[in-house]
Amino acid sequence: MHISYKPLWHTLVERDMRKEDLRLAAGLTTNMIANMGKEGKNISMDTLVRICETLDCGILDVIELVSDKPSVTEKRKNNRKNNKKQD
């Protein structure tokens, strides 16, 4: 599993904010913002709390957990594709 910041980017769009606006309002560094844009890079819980406080939102408006493994549905689709190829 890894952390995705997609909910944060959607929250910013809904509030008509730019990343730079968030950075300044929450007192974040440009490196923090850059790390949130890179898969596999995480920020501290303290930083997440600052973002939530700044945006007056919950943690699920900022991050989501994304599985690195294919879901059961994806596995079934792949199995069906493989079975069709064998026919």
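Our subject is the structure that appears above.
Residues numbered from 1 in each chain as written. Predicted model: local features only at pLDDT ≥ 70, side-chain atom pairs only at ≥ 80, totals over all residues. Heavy atoms only, no water.

A. Looking closely at the overall build of the chain. Broken down by element type, the chain carries five helices and two strands. In the chain, the succession of helices and strands from N to C terminus is β-α-α-α-α-β-α. Looking at the 87 residues of the chain, the share that counts as buried comes to 25%. Look at the contacts in the chain between residues 6 or more apart in sequence, and 62% of them connect residues 24 or more apart. Total accessible area on the chain is roughly 6600 Å²; 49% of this is exposed by carbon and sulfur atoms. (Helix = DSSP H or I, 4+ residues; strand = E, 2+ residues; numbered from the N terminus. Buried < 20%, exposed > 50% of the residue type's maximum accessible area, 1.4 Å probe, protein only. Contact = heavy atoms within 4.5 Å. Areas by Shrake-Rupley, 256 points an atom, 1.4 Å probe, with all protein chains shown as cover.)

B. Structural view of the nonpolar core. Membership of the largest hydrophobic core comes to 16 residues, with the highest contact counts inside it found for Leu8, Leu22, Leu28, Met36, Ile51, Leu55 and Val62. Every element with two or more residues in this core is listed here: helix H1 (6-14), helix H2 (19-26), helix H3 (30-36) and helix H4 (45-55). At four residues, the largest contribution of residues to this core is made by H4. Aside from chain neighbours lying at most four places away, what touches Met36 is Tyr5, Leu8, Trp9, Leu28, Ile43 and Ile51. (Core = buried A, V, L, I, M, F, W, Y, C linked by side-chain atoms within 4.5 Å.)

C. Expanded view of the packing of H2 against H4. Where H2 meets H4, the axes come as close as 10 Å, and the angle between the chain directions of the two elements is 105°. Considering their axes alone, H2 and H4 lie roughly perpendicular with respect to each other. Contacts between H2 and H4 involve Leu22, Ala25 and Ala26 on the former and, on the latter, Arg50, Ile51, Thr54 and Leu55. (Axes fitted to C-alpha atoms, helices over the stretch in contact; angles between N-to-C directions. Parallel < 35°, antiparallel > 145°, perpendicular 65-115°, else oblique.)

D. How the structure looks around H1. Three or more residues of H1 are buried, namely Pro7, Leu8, Thr11 and Leu12. End-on, the buried residues of H1 take up no more than an arc of 140°, which puts them together on one face. Turned more than 90 degrees away from the buried face of H1 sit Lys6, His10, Val13 and Glu14, all of them exposed. After H1 finishes, the residue Asp16 shows a positive phi value of roughly 55°. (Arc of directions from axis to C-beta.)

E. View of the pattern of salt bridges. One pass over the structure, following the stated rule, counts two salt bridges. Between Arg18 and Asp21 there is a salt bridge, with its nearest N and O atoms 3.0 Å apart. By relative accessible area, Arg18 is classed as exposed at 52%. Judged by relative accessible area, which is 26%, Asp21 ranks as partly exposed. The shortest N-O distance in the salt bridge between Glu20 and Arg23 comes to 2.8 Å. Of this pair, Glu20 and Arg23 both sit in helix H2, three residues apart, which is roughly one turn of the helix. Glu20 sits in the partly exposed class, given a relative accessible area of 32%. (Salt bridge = Lys/Arg side-chain N within 4 Å of Asp/Glu carboxyl O.)

Nothing here speaks to function; it is all geometry.
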